[in-house]
Amino acid sequence: MTAYIVRRLFAALFVLLLMSFVVFRLVRWLPGDALLVKLGEAGRIPPDKMEAARKEMGIDRPFMVQYASWLSRAIRGDLGRSLIWDEGVATRLRKGVPITLELAILSSAVAITIALPIGILSAVKQDTLLDYIARVVAITGLAVPSFWLATVALLYLTLWFGWTPPLRYTPFFDDPITNLKTFILPSLILGFSLGASLTRMTRSTVLEVLRNDYVRTARAKGLQDRIVIARHVLKNALIPVVTIFGLQVTNLLGGSVIMESLFSFPGIGGVTLQAVSQRDYTQIQGNVLFLGTIALMMNVLVDISYAWLDPRIRYA
Amino acid sequence: MTGRYRVHQTRKAAVTRRWALGALATGASAAFLAACGGRKEERAAQTPGTQAGGAAPQAVYLDAKSKPVTGKEKIEELRERFHPRNLKHLPGWKTGPKYGGTLRFPLNVPVSWDLTGPAASALASYAMFHNKLVDFEMGDLSENLNLVKMTGDLSQSWEQPDKLTFVFKLHPNIKWQNVPPVNGRQFTSEDVKYCVEAYQKAPVQSVIYRDVERVETPDATTVVFKMKQPAAYFLRVLMQPMNLIFSREQHESPQGLKSGPIGTGPFIYEGGQDRVGLKARKNSDYFKKDPFTGKQLPYVDRIETQFYADTNAAVAAFRDKQFDVYWPQNRSIWMDILKSNPEVITQITTPPPSAQPYFAWRLDKPPFNDVRVRRALSMAIDREAIIAGPFDGMAGYGYAQDQTFFGQEWPWTPDQLGLYVQFNLAEAKKLLAAAGFASGGLGRKIEIYHITTTLTIAFDTTQLVADMWRRNLGIDVVETIPPDAAAWQQKFFGVQYDDVIMTWYAGPSLDPDAYAYDPLHSKSPKNYFKVNDPELDRLTEAQRVEFDVPKRQQLLKEIMQRDLDQMYRIWTVTPYKINVRHPYLYNAVDQIHAWGPRGWGSKVCEYIWMDK
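Bear in mind the structure is a predicted one, so any value in this text is a computation, not a measurement. (Residues numbered from 1 in each chain as written. Chains lettered and ligands numbered in written order. Predicted model: local features only at pLDDT ≥ 70, side-chain atom pairs only at ≥ 80, totals over all residues.)

Caption draft 1: Quick peek at the overall build of chain B. Counting its secondary structure elements, chain B contains 16 helices and 24 strands. Over its C-alpha trace chain B gives a radius of gyration of 25 Å, about what one expects of a compact globule, namely 25 Å for 612 residues. Along the three orthogonal principal directions, the C-alpha set of chain B runs to about 75 × 70 × 55 Å. Burial analysis of chain B (612 residues in total) assigns 52% to the buried set. Contacts spanning at least 24 positions in sequence make up 70% of the contacts within chain B whose residues lie at least 6 apart. (Helix = DSSP H or I, 4+ residues; strand = E, 2+ residues; numbered from the N terminus. Rg over C-alpha atoms; globule rule 2.2 N^0.38 Å. Buried ≥ 20, exposed ≤ 12 C-beta atoms within 10 Å, placed from the backbone. Contact = placed C-beta atoms within 7 Å.)

Caption draft 2: Expanded view of the overall build of chain A. From N to C terminus, chain A includes 13 helices and zero strands. Along the three orthogonal principal directions, the C-alpha set of chain A runs to about 85 × 60 × 35 Å. Across the 316 residues in chain A, those meeting the buried criterion constitute 40%.

Caption draft 3: Local environment of helix α11 (residues 425-434) of chain B. All names here are of chain B. Among the residues of α11, those classed as buried are A428, L431 and L432. Buried residues along α11 cover an arc of 100 degrees about the axis, so they all sit on one side. Contact partners of the buried residues in α11: α8 (371-379) and α12 (456-473). In the segment just after α11, G436 is the residue with positive phi, at about 100 degrees. (Arc of directions from axis to C-beta.)

Caption draft 4: Structural detail: the confidence of the model for chain B. Residues and elements named next belong to chain B. The pLDDT averaged across chain B works out to 90; a share of 90% of its residues lies at or above 70. With pLDDT under 50 throughout, residues 1-57 is counted as low confidence; its partners more than four residues away or in other chains account for 72 contacts. Two numbers describe this predicted complex: its pTM, 0.87, and its ipTM, 0.83. (pLDDT = per-residue confidence, 0-100.)

Caption draft 5: Highlighting the interface of chain B and chain A. Taken together, the contacts link 52 residues of chain B with 49 residues of chain A. Mapped by element, the contributors of at least two residues to the side of chain B that touches chain A are α1 (6-36), α6 (311-319) and α13 (485-493) of chain B. Per element, the largest residue contribution to the side of chain B that touches chain A is six residues, and it comes from α13 of chain B. Here the residues of the side of chain B that touches chain A sort into 24 nonpolar, 16 polar and twelve charged. (Nonpolar A, V, L, I, M, F, W, Y, C, P; charged D, E, K, R; others polar.)

Caption draft 6: Summary view of the sheet that holds strand β20 (residues 569-571) of chain B. Residues and elements named next belong to chain B. Reading across from one edge, β18-β17-β19-β15-β20 is the order of the five strands in this open sheet, with mixed pairing throughout. The outermost strands of the open sheet, each flanked by one partner alone, are β18 (477-480) and β20. For this sheet, the mean angle separating the axes of adjacent strands, direction not counted, is 30 degrees. Here two bridges tie strand β17 (residues 446-449) to strand β19 (residues 500-505), and the two strands are oriented parallel to one another. Bridged to I448 within β19 is V500. (Pairing = 2+ DSSP bridges. Axes fitted to C-alpha atoms, helices over the stretch in contact; angles between N-to-C directions.)

Caption draft 7: Structural view of helix α12 (residues 268-277) of chain A. All names here are of chain A. Extensive coverage of α12 is indicated by the burial of eight of its ten residues. Among all positions of α12, only I268, G269, G270, V271, T272, Q274, A275 and V276 are buried. Phi turns positive, to about 55 degrees, at R279, one or two residues after α12.

Caption draft 8: Highlighting the domain arrangement of chain B. Residue and element names in this part refer to chain B. Taken domain by domain, chain B comprises domain 1 (102-349 + 577-610) and domain 2 (355-575). Taken residue by residue, the interface counts 20 residues in domain 1 and 16 residues in domain 2. Elements that contribute at least two residues to the side of domain 1 that touches domain 2 include exactly α4 (234-237) and α7 (331-340). Here the residues of the side of domain 1 that touches domain 2 sort into ten nonpolar, seven polar and three charged. (Domains from an automatic or database assignment.)

Caption draft 9: Quick look at the packing of α12 of chain A against helix α13 (residues 281-309) of chain A. Residues and elements named next belong to chain A. Viewed as axis vectors pointing N to C, α12 and α13 meet at an angle of 140 degrees, and their least axial separation amounts to 8 Å. Once α12 is placed against α13, the crossing between them reads as left-handed. For the pair α12 and α13, contact is made by I268, V271, T272, A275 and V276 and by Q283, I284 and N287, respectively. For the contact of α12 with α13, a count of residues per class yields five nonpolar, three polar and no charged. (Left-handed = near helix turned anticlockwise from the far one by under 90°.)

Caption draft 10: Unusual backbone geometry, seen in detail. Between P366 of chain B and the following residue, P367 of chain B, the backbone shows a cis peptide bond with an omega angle of 0 degrees. By the element assignment, P367 of chain B lies in the loop between β15 (355-361) and α8. Even without glycine at this site, D127 of chain A takes up a positive phi of about 65 degrees. One can find D127 of chain A in the loop between α5 (89-124) and α6 (129-143). One non-glycine residue, M567 of chain B, lies in the positive phi region at around 50 degrees. By the element assignment, M567 of chain B lies in the loop between α16 (549-566) and β20. Assessed through the 23 C-beta atoms surrounding it within 10 Å, M567 of chain B is described here as buried.

Caption draft 11: Local environment of the sheet that holds strand β6 (residues 155-162) of chain B. Residue and element names in this part refer to chain B. Spatially, β6-β7-β9-β8 is the arrangement adopted by the four strands of the open sheet, whose pairing is antiparallel. Each having just a single partner strand, β6 and β8 (212-219) make up the two edges of the open sheet. Within this sheet the neighbouring strands show an average axis-to-axis angle of 20 degrees, counted without direction. In this sheet, strand β9 (residues 222-227) lies alongside strand β7 (residues 165-170) in antiparallel orientation, the contact comprising five bridges. Across the sheet, F166 pairs through a bridge with F225, a residue of β9. The sheet contacts of helix α3 (residues 189-199) involve β7, β8 and β9, and relative to β8 the element is tilted by about 170 degrees.

Caption draft 12: Geometry of the nonpolar core. Residues and elements named next belong to chain B. Counting residues in each nonpolar core, the largest one holds 252 residues, and the members touching the most others are A313, A380 and I608. The residues that make up this core include at least three from each of domain 1 (102-349 + 577-610) and domain 2 (355-575). Excluding its chain neighbours within four sequence positions, the residues that come into contact with I608 are L103, Y299, V300, L585, Y586, N587, A588 and P597. (Core = buried A, V, L, I, M, F, W, Y, C linked by C-beta atoms within 7 Å.)

Caption draft 13: Representation of the packing of helix α7 (residues 146-161) of chain A against α6 of chain B within the structure. Running from amino to carboxyl end, α7 of chain A crosses α6 of chain B at an angle of 20 degrees, the nearest separation of the two axes being 10 Å. In terms of axis orientation, α7 of chain A runs roughly parallel to α6 of chain B. When the axes of α7 of chain A and α6 of chain B are compared, the crossing they make is left-handed. Only N312, A313, A316 and R319 of chain B of α6 of chain B make contact with α7 of chain A, whose side of the interface consists of T151, L154, L155 and T158 of chain A. In terms of residue class, the contact of α7 of chain A with α6 of chain B is made up of four nonpolar, three polar and one charged. (Parallel < 35°, antiparallel > 145°, perpendicular 65-115°, else oblique.)

Okay, structure coming up:
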């Protein structure tokens with residue numbers, strides 16, 4: 001197992017290096033100029049001042065020189081400074097991560113709370129009214145985009161109830177109540193969306209496991225249904241669910257940008273999107289490195305969890 | 001007429017879809033919404049005031065509760081009803097300003113606080129921490145916010161003894177904010193001199209001070225500018241919030257100006273975060289008094305701004321009073337707000353020259369190097385249809401020159417803009433035929449490069465114009481949508497567009513020079529249009545050194561006429577500004593060049609007060 005993990009980590013390092021180069025190249029092919037973005041409505045300034053500003057930002061040097069300089073600093077743990085903002089790349093990441101993480105944790109909690117009980121019940125009570133209702137709800141969750149649901153919720157909550165969640169982010173430790181008020185609506189919406197696919201996956205895998213011989217044997221031994229489900233069915237049925245959940249959490253960390261925008265959260269998704277739109281090359285690079293590392297680590301963790309869930313799986 | 005064009009039809013369809021989706025959502029989310037609860041809308045009654053002075057008192061209705069807004073009113077009616085001069089009749093002015101409260105409005109933190117850096121133009125939105133030598137008047141009691149009136153800020157008076165000298169007399173009791181490294185020390189004329197010398201080397205402000213030879217400080221409260229050559233634009237440009245005065249101590253500290261805004265201004269910066277907003281508290285040692293009431297400024301205790309990325313979220317936040325003031329982008333959003341919150345106060349302000357959709361085209365390339373083609377394409381644009389379409393009637397004819405410099409309050413009229421902005425299809429076809437395109441079209445495909453899709457009004461205008469050229473002149477038009485704003489900026493500011501590009505940028509400036517010399521002089525770095533016209537070079541240089549206002553106006557009119565005759569740029573329409581605020585808020589006004597209390601109007605924070 002240890003050898004497997006070490007091998008996976010080495011592979012991850014290679015993937016990260018390759019990814020950093022590809023991203024470094026790709027963002028520089030994008031049309032746009034970080035200096036013009038920074039100048040904003042000032043537009044073009046006298047040519048000598050343009051040159052001086054480019055030099056100060058370090059974007060006047062050849063591509064490979066810029067990459068080598070970035071890589072040598074990144075290896076030493078220095079992600080550099082944002083080209084646009086007066087802050088270090090790591091500082092901007094540090095500010096965004098807790099927010100995205102909180103949204104991801106709360107949404108995942110909502111998703112699991114919805115998905116596991118409903119998915120299991122739906123499978124156990126197959127083709128009953130309960131099953132039909134659960135399937136309709138799950139399909140709705142898959143079909144309705146979360147950004148649409150969020151927009152509608154914002155609009156109608158205000159119009160009908162005169163209530164809008166606080167749209168100014170407040171850190172949890174500054175004011176926990178306001179923080180939770182801010183997060184409740186986006187977490188419910190995002191969690192509903194995530195929970196929908198998990199519900200369907202849970203239902204189908206539980207159904208599959210329920211038909212196995214060992215489940216029939218357990219029932220024949222006279223075990224109660226809830227013990228059969230909890231001890232024999234659930235653990236085996238969870239492997240694909242965990243895989244999907246792992247992928248979803250990874251997506252949440254980097255991809256909840258729309259929800260962050262709608263609810264004005266300064267999370268990591270927004271920082272990444274902003275960096276791309278501002279051609280903030282160093283920030284993009286830092287974010288991709290961070291998100292890439294998270295994605296790779298999540299994959300390793302999911303693989304390790306297989307062995308825990310099913311002792312028959314061994315990574316020799 | 002309007003319905004002939006594609007965009008207008010599309011917009012109507014979009015509205016229908018939105019309502020259909022809304023109806024669907026109603027059922028699905030009812031139970032969830034009911035669970036959330038909420039508080040009831042507070043609807044304060046708005047007492048109509050009466051106009052002071054004049055022969056016959058006339059009722060003033062600035063809300064939709066006292067007198068509904070149907071959405072069918074003509075712009076002439078709306079701009080009179082919601083004219084800024086009516087704001088003085090708001091009920092709170094009977095008792096006068098009150099102290100206290102927290103002002104909340106949408107504003108993010110800037111990318112950099114360095115006033116001498118390349119991102120300095122964005123810092124104009126944060127003038128509440130600083131002062132400048134002179135300012136422009138803002139507030140409910142202002143004479144007319146559609147026109148520019150110069151007032152003092154750090155200076156209590158100023159004079160121009162000769163063409164090469166400007167003298168400013170500073171207020172005697174100005175103190176820096178009581179925070180390190182300035183720690184409340186006395187402000188002197190030396191501070192102005194230091195700052196101006198730093199700005200002369202700065203990437204953005206160096207153009208403002210290009211004609212300044214030196215700054216003299218004969219005593220602690222007198223600043224004298226000695227110019228290299230006459231600069232008629234200089235005094236008006238000094239009103240712009242890009243001339244905020246910072247201290248030597250902070251500029252020369254290890255972190256420099258990037259550490260945050262420290263000035264002499266009415267508010268002290270407490271901190272902020274990107275995509276959250278900023279917090280500030282009042283500066284109790286502020287030197288200024290309200291010129292209208294004589295009371296000590298500022299009125300509010302705190303400022304808390306809030307970032308938003310989504311218009312729906314911003315409107316919801318305004319309705320819920322998380323914002324005190326908001327600026328609806330168009331009539332439809334404004335009407336939606338009035339439906340849910342009829343008590344809000346509206347101000348409609350004349351369009352600024354700096355914000356209007358227009359097109360640039362490659363003057364150095366065929367077919368646009370032929371003036372007949374340019375005139376024909378302009379005459380094939382039905383501007384009335386654009387005004388009635390995406391702008392719902394709330395726009396005028398566009399041309400980026402400050403009409404208020406000529407004493408004119410409202411936008412340019414078609415007559416003032418000449419023959420080639422008038423819709424005349426027969427004449428357009430004749431001109432194209434004379435240019436060698438008798439059989440329709442321009443002999444090749446032409447590309448219109450859109451501005452970003454998020455600027456919906458400009459996007460719709462571009463689509464309409466492309467459609468008009470296709471339908472009216474048979475031109476093969478390809479529309480290219482940029483992936484984002486940065487791509488568009490490179491095309492426009494880098495002059496890398498192939499044929500035609502939609503833009504929104506002109507100036508911005510409080511002096512007509514930025515709308516004359518900057519875009520039209522062949523040597524100007526802001527000539528993104530490749531205009532190379534010796535006659536315009538001569539005229540734009542001449543107006544810069546002409547202090548006599550009527551003579552300068554004449555020169556500027558000649559520049560305008562020449563520009564419009566040659567159709568160096570293609571003008572569309574210009575939107576009126578809409579400002580809505582909750583009825584407890586006072587002095588949160590727009591001015592022609594400023595959106596208060598953000599953008600160039602951020603200094604109005606010192607005048608804002610609340611009656612809660």
